[in-house]
Amino acid sequence: MDQIQTYQPLLFSIAYRMTGYASQAEDIVQDAYLRYQQADRATIQSPKSYLTKIVTNLSLNYLKSAHAQREEYIGVWLPEPILTALPEGEPLEETYEQQETISLAFLMLLEALTPPERAVFLLHEVFDYSFTEIAEIIEKTPENCRQLFHRAKSHVAEKRHRVSVESVNQRQLTASFIAACKSGDLATLTKMLASDVTAWADGGGKVRASLYPISGQVLVARRFISLIHRVPADNVLFIEEINGAPAVVSRSDGHLNWVQAFDIRDNVIVGLHTLVNPGKLAFLQRQLENRPEPFLSALQVLP
């Protein structure tokens, strides 16, 4: 079983990218391990391929059952955020090195794909599986898989914004954004935002949040100045690496209140993703609590 556990990062990464839910991805991986234990080992030539097939198909089944739930979801739906680096900057998982494909912006792009397109695109583009391997995993022909991949890649390429900013610069821009919001400096704030910047907020009907995306420099800038000024005095704001990029996290009394993630390109913010739905923050809360130092030092806390 220990040898099989070495595939956990890969399997979790596939399930998380497929479903957009870290907690669901954990359940899928555990289910895959149980099925592997109950299987006839003599019929399994490659444990990695076998487990990948189970995880992929469980993820596809989940997406089919979740379709109606997504349609009934109140307001904007965003993926669950995950912690992708320790305070010292050490990656938590090897597979997180592909930072752009774990970003919230990228995961939102995948939502427009059909479940089979998503599976083929991720397995081939992100995890380097051949079309022959993928055909065996999702039980389609290699040619069919190629067609699914090209359709998916065409859609993603049309709207994909590849990260082109160093992590240090992203962190500086993130801190400067919060400082400008706190000071109410509208002129400085708008310069940090792309002309077509868009902001999404996920409250899931549980916490008050905008039901629709908002766009435009001035509108977004004013909205965030107003939001930051309404943050309670006992909330501590600090920067963490969330989904491969710096993000602002709010906590009070050890409780996670919200996460503000940024999509940055060419040194300007092109997208903002705010997660306030408590259910979407539970996995991240657990990640923070489980590491040696649950919260960052004063040097990384925003003034």
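Residues numbered from 1 in each chain as written. Predicted model: local features only at pLDDT ≥ 70, side-chain atom pairs only at ≥ 80, totals over all residues. Heavy atoms only, no water.

(A) Focus on the sheet that holds strand β2 (residues 214–215). Taken together, the six strands give an open sheet; going across it, the order is β2-β1-β6-β5-β4-β3, and neighbouring strands pair in mixed fashion. This sheet does not close on itself; its edge strands, each paired only once, are β2 and β3 (236–242). As paired strands, strand β4 (residues 245–252) and strand β5 (residues 255–265) are joined by six bridges and run antiparallel to one another. Note on β5: the bridge partner recorded for Ser-252 is His-255. Relative to β4, helix α9 (residues 167–183) is tilted by about 45°, and along the sheet it contacts β1 (193–202), β3, β4, β5 and β6 (268–275). Sitting on the sheet, helix α12 (residues 278–290) touches β1, β3, β5 and β6, and the angle it makes with β5 is about 100°. (Pairing = 2+ DSSP bridges. Helix = DSSP H or I, 4+ residues; strand = E, 2+ residues; numbered from the N terminus. Contact = heavy atoms within 4.5 Å. Axes fitted to C-alpha atoms, helices over the stretch in contact; angles between N-to-C directions.)

(B) Seen up close, the pairing of β4. Of all the eight residues making up β4, eight are buried; the element is thus mostly covered by neighbouring parts of the structure. Along β4, one buried face is formed by Ala-245, Ala-247, Val-249 and Arg-251 and the opposite face, lined by Pro-246, Val-248, Ser-250 and Ser-252, is buried too. Of the strand pairs in this sheet, β3 and β4 are connected by seven bridges, and their pairing is antiparallel. The residue bridging Glu-240 from the neighbouring strand is Ala-247, located in β4. Between β3 and β4, which pair antiparallel and follow one another directly, the connecting turn spans two residues, one of which, Asn-243, has a positive phi of 50°. Connecting β4 to the next strand, β5, in antiparallel fashion are two residues, including Asp-253 with a positive phi near 55°. (Buried < 20%, exposed > 50% of the residue type's maximum accessible area, 1.4 Å probe, protein only.)

(C) Broad picture of the pattern of salt bridges. Summed over the entire model, instances satisfying the criterion amount to seven salt bridges. Residue Asp-31 pairs with Arg-35 through a salt bridge whose shortest N-O separation is 3.2 Å. Placement of the pair is Asp-31 and Arg-35 together in helix α3 (residues 22–38), with a separation of four residues, close to one helical turn. (Salt bridge = Lys/Arg side-chain N within 4 Å of Asp/Glu carboxyl O.)

(D) Structural context of the packing of helix α6 (residues 115–126) against helix α7 (residues 131–138). Direction vectors running N to C along α6 and α7 enclose 140°, while the axes themselves pass 10 Å from each other. Regarding α6 and α7, the two cross each other, and that crossing is right-handed. Where α6 approaches α7, its residues Ala-119, Val-120, Leu-123 and His-124 are matched on the opposing element by Phe-131, Ile-134, Ile-137 and Ile-138. Its residues placed into classes, the contact of α6 with α7 shows seven nonpolar, one polar and no charged. (Left-handed = near helix turned anticlockwise from the far one by under 90°. Nonpolar A, V, L, I, M, F, W, Y, C, P; charged D, E, K, R; others polar.)

(E) Layout of the environment of Ser-250. With respect to the element layout, Ser-250 can be found in strand β4. Along the backbone, Ser-250 and Phe-238 are twelve residues apart, and their C-alpha atoms lie at a distance of 6.7 Å. Beyond its immediate chain neighbours, meaning those up to four positions away, Ser-250 contacts Asn-235, Val-236, Leu-237, His-255, Leu-256, Asn-257 and Trp-258.

(F) Geometry of the environment of Glu-240. Tracing the chain through its elements places Glu-240 in strand β3. Assessed through its relative accessible area of 3%, Glu-240 is described here as buried. Sequence spacing of Glu-240 and Val-259 is 19 residues, and the spatial spacing of their C-alpha atoms is 9.5 Å.

(G) Molecular detail of unusual backbone geometry. Of note in the backbone geometry, Asn-243 takes a positive phi value of approximately 50° without being a glycine. Position of Asn-243 among the secondary structure elements: in the loop between β3 and β4. Positive phi, normally seen in glycine, also occurs at Asn-267, with a value near 65°. Inspection of the secondary structure puts Asn-267 in the loop between β5 and β6.

(H) Here's a closer look at α3. In a regular helix each residue adds 1.5 Å, so 17 residues correspond to 24 Å; α3 covers 25 Å between its end C-alpha atoms and thus fits that length. All of the buried residues in α3 are Ala-22, Ala-25, Ile-28, Val-29, Ala-32, Tyr-33 and Tyr-36. Seen along its axis, α3 keeps its buried residues to an arc of 140°; they face one direction. Structural note: α3 exposes Asp-27 and Gln-38 on the side pointing more than 90 degrees away from its buried face. (Expected span 1.5 Å × (residues − 1). Arc of directions from axis to C-beta.)

Nothing here speaks to function; it is all geometry.
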